[in-house]
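One letter stands for each residue in the lines below.
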Amino acid sequence: QVQLVESGGGLVQAGGSLRLSCAASGRTFSSYDMGWFRQAPGKEREFVASMRSGGSTYYADSVKGRFTISRDNAKNTVYLQMKSLKPEDTAVYYCAAALSTYDYRLSRQYEYWGQGTQVTVSS
């Protein structure tokens with residue numbers, strides 16, 4: 001059982017940076033695969049980045065080279081460092097955890113979800 005809480009969202013101008021955090025409470029997620037998804041109003045939830053428990057990372061093409069996912073198992077926390085932000089990055093960002101993922105891009109692969117944090121990028 002994992003409970004996730006995202007933080008770090010906010011308002012930023014295009015070209016700026018933000019770092020999102022996802023903290024687990026109630027249980028460590030050191031053995032879990034972790035993912036970041038985002039959803040803009042009227043659009044489907046979109047895969048952003050993921051990190052397997054062993055440390056392998058994966059990124060959507062739209063954020064590759066700009067976003068970096070990392071995790072600190074000792075703190076039960078996963079991060080998403082976002083730089084060179086674009087208006088198209090505006091969305092609610094969600095943290096997710098799974099015991100095991102077969103296709104990390106699919107939201108249904110993840111059992112646990114945070115409440116989301118809003119990221120707004122102005123042009």
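What counts as what
Residues numbered from 1 in each chain as written. Predicted model: local features only at pLDDT ≥ 70, side-chain atom pairs only at ≥ 80, totals over all residues. Heavy atoms only, no water. Core = buried A, V, L, I, M, F, W, Y, C linked by side-chain atoms within 4.5 Å. Buried < 20%, exposed > 50% of the residue type's maximum accessible area, 1.4 Å probe, protein only. Helix = DSSP H or I, 4+ residues; strand = E, 2+ residues; numbered from the N terminus. Contact = heavy atoms within 4.5 Å. Salt bridge = Lys/Arg side-chain N within 4 Å of Asp/Glu carboxyl O. Phe/Tyr/Trp six-rings, centres within 6.5 Å; stacked < 30°, edge-to-face > 60°. Lys NZ or Arg CZ within 6 Å of the ring centre and 35° of its normal.

Asker: Describe in detail the nonpolar core, supporting the description with residues and values.
Answerer: If you look at the biggest cluster of nonpolar residues, it comprises 34 residues, and the most contacted ones within it are W36, L80, M82 and Y93. Put simply, the parts of the chain that give this core at least two residues each are strand 3 (18-25), strand 4 (33-39), strand 5 (46-51), strand 7 (67-72), strand 8 (77-82), strand 9 (91-98) and strand 11 (117-122). Ranked by residues supplied to this core, first place goes to strand 9 with six residues. In contact with L80, not counting residues within four places along its chain, are L18, R19, L20, W36, V48, A49, F67, T68, I69 and Y93.

Asker: Before we move on, can you summarise the pattern of salt bridges with the specific residues and values?
Answerer: Under the counting rule described, the total for this entry stands at five salt bridges. Here R38 ties to E46 by a salt bridge, and the two come within 3.0 Å at their closest N and O atoms. For R38, a relative accessible area of 5% puts it in the buried group. Among the ionic pairs, R66 bridges to D89, the shortest N-O distance being 2.8 Å. Of this pair, R66 sits in the loop between strand 6 (57-59) and strand 7 while D89 sits in the loop between strand 8 and strand 9, placing them 23 residues apart in sequence. Overall, R66 belongs to the buried group, its relative accessible area being 10%.

Asker: Break down unusual backbone geometry for me, citing the residues and quoting the values.
Answerer: For N76, which is not glycine, the phi dihedral falls at a positive 50 degrees. In this fold, N76 is placed in the loop between strand 7 and strand 8. On the basis of relative accessibility, which here comes to 18%, the residue N76 falls in the buried class. With phi around 50 degrees, S84 is a residue other than glycine that occupies positive phi space. Take S84: it is sitting in the loop between strand 8 and strand 9.

Asker: I'd love a proper account of the packing of aromatic side chains, names of residues and values included.
Answerer: Taken as a whole, this structure holds eight aromatic pairs when the rule is applied. With centroids separated by 6.1 Å and ring planes inclined at 65 degrees, the aromatic side chains of Y32 and Y112 adopt a geometry described as edge-to-face. Of the two residues, Y32 sits in the loop between strand 3 and strand 4 while Y112 sits in strand 10 (residues 112-113), which places them 80 residues apart along the sequence. With a centroid separation of 5.4 Å and 50 degrees between ring planes, the pair formed by F47 and Y104 is classed as tilted. Linking F47 in strand 5 with Y104 in the loop between strand 9 and strand 10, this pair joins segments that are 57 residues apart in sequence. Taking the relative accessible area as the measure of exposure, F47 reaches 6% and is therefore buried. Aromatic rings pair up to connect F37, F47, Y58, Y94, Y104, Y110 and W113 into one cluster. Lying across the ring of Y94, R45 places its NZ or CZ 4.1 Å from the centre. One residue, R45, lies across the ring of W113, its end atom 4.7 Å from the ring centre.

Scope: geometric values only; no functional claims are made or implied.
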